[in-house]
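Structural characterization, general
These are the residues of each chain, in order.
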Amino acid sequence: QVQLVESGGGLVQPGGSLRLSCAASGSFFRLYSMGWYRQAPGKQRELVATITRTDNTNYADSVKGRFTISRDNAKNTVYLQMKSLKPEDSAVYYCNVEIRVVVGRGLVDYWGQGTQVTVSS
């Protein structure tokens, strides 16, 4: 069984920084694309950033230049470094990972449980 465990959320003042982590555990063959999404109250879940296994990255326009996604394949972990945080960044942040659980089988999407990020003075 595969689990994604997120950590690093919390309350931060505008202009502050936070670093989110998401670690995959359990039995699987390989991780592929990893990413972060967020959902604010009353809004749809939206893409924040993704990173491929070869470190190609993609960011939402609203976070470009402020957020950095990275991964450590040896630790099966994806990170999101967030700087210059704004109140509009407040949301529940979810990690998403494409996993090939068994060799020869297709990719399966897994989601973390979500971690709250609140940016407020």
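About the thresholds
- Residues numbered from 1 in each chain as written.
- Predicted model: local features only at pLDDT ≥ 70, side-chain atom pairs only at ≥ 80, totals over all residues.
- Heavy atoms only, no water.
- Helix = DSSP H or I, 4+ residues; strand = E, 2+ residues; numbered from the N terminus.
- Rg over C-alpha atoms; globule rule 2.2 N^0.38 Å.
- Contact = heavy atoms within 4.5 Å.
- Areas by Shrake-Rupley, 256 points an atom, 1.4 Å probe, with all protein chains shown as cover.
- Lys, Arg positive; Asp, Glu negative; His and termini not counted.
- Charge placed at Lys NZ, Arg CZ, Asp CG, Glu CD.
- Pairing = 2+ DSSP bridges.
- Axes fitted to C-alpha atoms, helices over the stretch in contact; angles between N-to-C directions.
- Core = buried A, V, L, I, M, F, W, Y, C linked by side-chain atoms within 4.5 Å.
- Buried < 20%, exposed > 50% of the residue type's maximum accessible area, 1.4 Å probe, protein only.
- Phe/Tyr/Trp six-rings, centres within 6.5 Å; stacked < 30°, edge-to-face > 60°.
- Lys NZ or Arg CZ within 6 Å of the ring centre and 35° of its normal.

1. Comments concerning the overall build of the protein
Along its length, the protein carries zero helices and 11 strands. Taken over the C-alpha trace, the protein has a radius of gyration of 14 Å; the compact-globule value for 121 residues is 14 Å, and the two agree within 12%. Based on the C-alpha atoms only, the size of the protein along its principal axes is roughly 50 × 25 × 25 Å. The contacts in the protein between residues at least 6 apart in sequence include a share of 55% that link residues at least 24 apart. For the protein, the accessible surface area stands at approximately 6500 Å², while carbon and sulfur atoms represent 45% of it. Once the 14 positive and 9 negative side-chain charges of the protein are each reduced to a mean point, those two points are 4 Å apart.

2. Here's the deal with the sheet that holds strand β8 (residues 77-82)
In space, the four strands of this open sheet follow the order β1-β3-β8-β7, with antiparallel pairing throughout. Here the strands that pair on one side only, and so sit at the sheet edges, are β1 (3-7) and β7 (67-72). Sheet twist, expressed as the mean angle between neighbouring strand axes with direction ignored, is 15°. Sheet topology places β7 next to β8; six bridges connect them, and they run antiparallel.

3. Re the nonpolar core
Trp36, Leu80, Met82 and Tyr93 are the most contacted members of the largest nonpolar core, which totals 31 residues. Residue assignment for this core shows that the elements contributing at least two residues are β3 (18-25), β4 (30-39), β5 (46-51), β7, β8, β9 (91-100) and β11 (115-119). With five residues, β9 is the largest single contributor of residues to this core. Filtering out sequence-adjacent residues up to four positions away, Tyr93 remains in contact with Glu6, Leu20, Trp36, Tyr37, Arg38, Val48, Phe67, Leu80, Met82, Gly114, Thr115 and Val117.

4. Some points on the packing of aromatic side chains
Scanning the entire structure with this criterion turns up one aromatic pair. Plain terms: the ring middles of Tyr37 and Trp111 are 5.1 Å apart, the flat faces sit at 65° to each other, and that makes the pair edge-to-face. One end of the pair, Tyr37, is in strand β4; the other, Trp111, is in strand β10 (residues 108-111), with 74 residues separating them in the sequence. Overall, Trp111 belongs to the partly exposed group, its relative accessible area being 37%. One Lys or Arg, Arg19, reaches over the ring of Tyr79 and ends 4.1 Å from the middle of that ring.

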